[in-house]
Amino acid sequence: MPPAAPKGENCLVDMDSKAGDLFTAEDAHPTGTGGAGILAKLWLPKGFSASMAKEWIDRRRVSIRPWASFVDQRKFSKPRNFGELCQRVVKNVEVYNSNYTFIFLGLILYCIISSPMLLIALAVFAGAFYIIHLKSLESKLVVLGKELTVPHQMSLAGAVSLPVFWLAGAGAAVFWVLGATLFVIGSHAAFRELETSEIEELLMEPV
């Protein structure tokens, strides 16, 4: 007769049977409400999930305009007057909003990658939040009679890592990203000529 399966805390877990549960385990959430494996173990804030983020990215990718047309130099020209400039900016932002979104994300990624200190600061923030969150799962964290929610925990992690962000020049990095984004997107939207169909659409709009 084969020996009975061991019981207790020292019981070995069949890793092969659990390999597919990293991102699909239903009982990973500490409150027993289900989740998404590793991401659920981190207990993401309510209303947010990895599937929502993936769905948002997929929608943006579907609505993105061809990059070849986006950067086609033959379709760039100086606007004739201020009114035409405003029309171009409004319409191009509407048409190329997905392209502009990925440009913004790319500038953020470039800023982070090109700044080792900023990477360290983000790692400190993520580590602090993870540790604080794990402590809150073991026992409720109460400050001034109020339990720390996930946003409060993120704020506390931000306060802990604030000196590292200051040393990393996070403020300058934020202003650089915003400035570069406004320059790139503003220049493209102002100088990119509208397509014929877009001009006709503008003319048909009620005044």
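Values in this document were obtained by computation on a predicted structure and should not be read as measured data.

## Remarks on the overall build of the chain
And then number 1: Of regular secondary structure, the chain possesses 10 helices and 2 strands.
And then number 2: For the chain, the N- to C-terminal ordering of α and β elements is α-α-α-α-α-α-α-β-β-α-α-α.
And then number 3: Taking all 207 residues of the chain together, 24% fall into the buried category.
And then number 4: Working note: accessible area of the chain is about 14,900 Å², and carbon and sulfur atoms make up 68% of it.

## Thoughts on the nonpolar core
The tendency in soluble globular proteins is for nonpolar side chains to be buried as a group.
And then number 1: Core analysis: the biggest nonpolar cluster contains 9 residues, these being Phe70, Val95, Tyr96, Tyr100, Ile103, Leu107, Ala180, Ile185 and Ala189.
And then number 2: Of all the secondary-structure elements, those providing two or more residues to this core are α6 (97-113) and α9 (170-191).
And then number 3: Setting aside chain neighbours within four positions, we find Ile103 in contact with Trp67, Phe70 and Val184.
And then number 4: With 8 residues, the next largest nonpolar core counts Cys111, Ala168, Ala173 and Val177 among its residues.

## Considering the packing of aromatic side chains
Here a ring pair, both rings aromatic, is described through the centre-centre distance and the interplanar angle of the planes.
And then number 1: A complete count under the given rule lists 6 aromatic pairs for this structure.
And then number 2: Centre to centre, the rings of Phe125 and Phe165 are 6.5 Å apart; their planes meet at 65°, and the pair counts as edge-to-face. Linking Phe125 in helix α7 (residues 116-138) with Phe165 in helix α8 (residues 150-167), this pair joins segments that are 40 residues apart in sequence.
And then number 3: For Phe125, a relative accessible area of 22% corresponds to the partly exposed category.
And then number 4: Aromatic rings pair up to connect Trp67, Phe70, Tyr96 and Tyr100 into one cluster.

## Thoughts on the UniProt feature "transmembrane region" (unreviewed entry) in the chain
And then number 1: The feature "transmembrane region" (unreviewed entry), as given by UniProt, occupies residues 102-132 and 164-185 in the numbering adopted here.
And then number 2: In residues 164-185, the share of helix is 91% and the share of strand is 0%. The end C-alpha atoms are 31 Å apart.

## Considerations on the pattern of salt bridges
And then number 1: In this structure the tally under the stated criterion is 4 salt bridges.
And then number 2: A salt bridge links Glu94 to Lys91; the shortest N-O distance between them is 3.8 Å. Of the two residues, Glu94 and Lys91 are both situated in helix α5 (residues 82-95); the distance of 3 residues between them amounts to about one turn of the helix.
And then number 3: Exposure remark for Lys91: the relative accessible area of 4% places this residue in the buried category.
And then number 4: If you follow the salt bridges from partner to partner, you end up with Arg80, Glu84 and Arg88 in one network.

## Here's the deal with a nonpolar patch on the surface
And then number 1: Taken together, the side chains of Met117, Ile120, Val124, Trp166 and Leu167 make up a nonpolar region of the molecular surface, amounting to roughly 540 Å² of accessible area.
And then number 2: Within the residue set of the nonpolar patch, elements represented by two or more residues are α7 and α8.
And then number 3: Take the nonpolar patch: its biggest share by element is 3 residues, from α7.
And then number 4: Its place among the elements puts Met117 in helix α7.
And then number 5: Judged by relative accessible area, Met117 falls into the partly exposed class, the value being 36%.

## Here we look at α6
And then number 1: Between its first and last C-alpha atoms α6 spans 24 Å; for 17 residues at 1.5 Å apiece the expected length is 24 Å, and the two agree.
And then number 2: Residues of α6 that are buried: Ser98, Asn99, Tyr100, Thr101, Ile103, Leu107 and Cys111.

## Focus on the packing of α6 against α9
And then number 1: Contact geometry for α6 and α9: axes closest at 10 Å, N-to-C directions at 150°. By the criterion of interaxial angle, the relationship of α6 to α9 is roughly antiparallel. Considering only the axes of α6 and α9, their crossing is right-handed. On α9, the residues touching Tyr100, Ile103, Phe104, Leu107, Ile108, Tyr110 and Cys111 of α6 are Ala173, Trp176, Val177, Ala180, Thr181, Val184, Ile185, His188 and Ala189.
And then number 2: Taken together, the residues of the contact of α6 with α9 break down into 14 nonpolar, 2 polar and no charged.

What counts, and where the lines are drawn
- Residues numbered from 1 in each chain as written.
- Predicted model: local features only at pLDDT ≥ 70, side-chain atom pairs only at ≥ 80, totals over all residues.
- Heavy atoms only, no water.
- Helix = DSSP H or I, 4+ residues; strand = E, 2+ residues; numbered from the N terminus.
- Buried < 20%, exposed > 50% of the residue type's maximum accessible area, 1.4 Å probe, protein only.
- Areas by Shrake-Rupley, 256 points an atom, 1.4 Å probe, with all protein chains shown as cover.
- Core = buried A, V, L, I, M, F, W, Y, C linked by side-chain atoms within 4.5 Å.
- Contact = heavy atoms within 4.5 Å.
- Phe/Tyr/Trp six-rings, centres within 6.5 Å; stacked < 30°, edge-to-face > 60°.
- UniProt positions renumbered as here; feature names shortened; annotations may be inferred.
- Salt bridge = Lys/Arg side-chain N within 4 Å of Asp/Glu carboxyl O.
- Patch = residues over 30% accessible without salt bridge, like charges linked within 9 Å, V, L, I, M, F, W, Y side chains within 5 Å.
- Expected span 1.5 Å × (residues − 1).
- Axes fitted to C-alpha atoms, helices over the stretch in contact; angles between N-to-C directions.
- Parallel < 35°, antiparallel > 145°, perpendicular 65-115°, else oblique.
- Left-handed = near helix turned anticlockwise from the far one by under 90°.
- Nonpolar A, V, L, I, M, F, W, Y, C, P; charged D, E, K, R; others polar.

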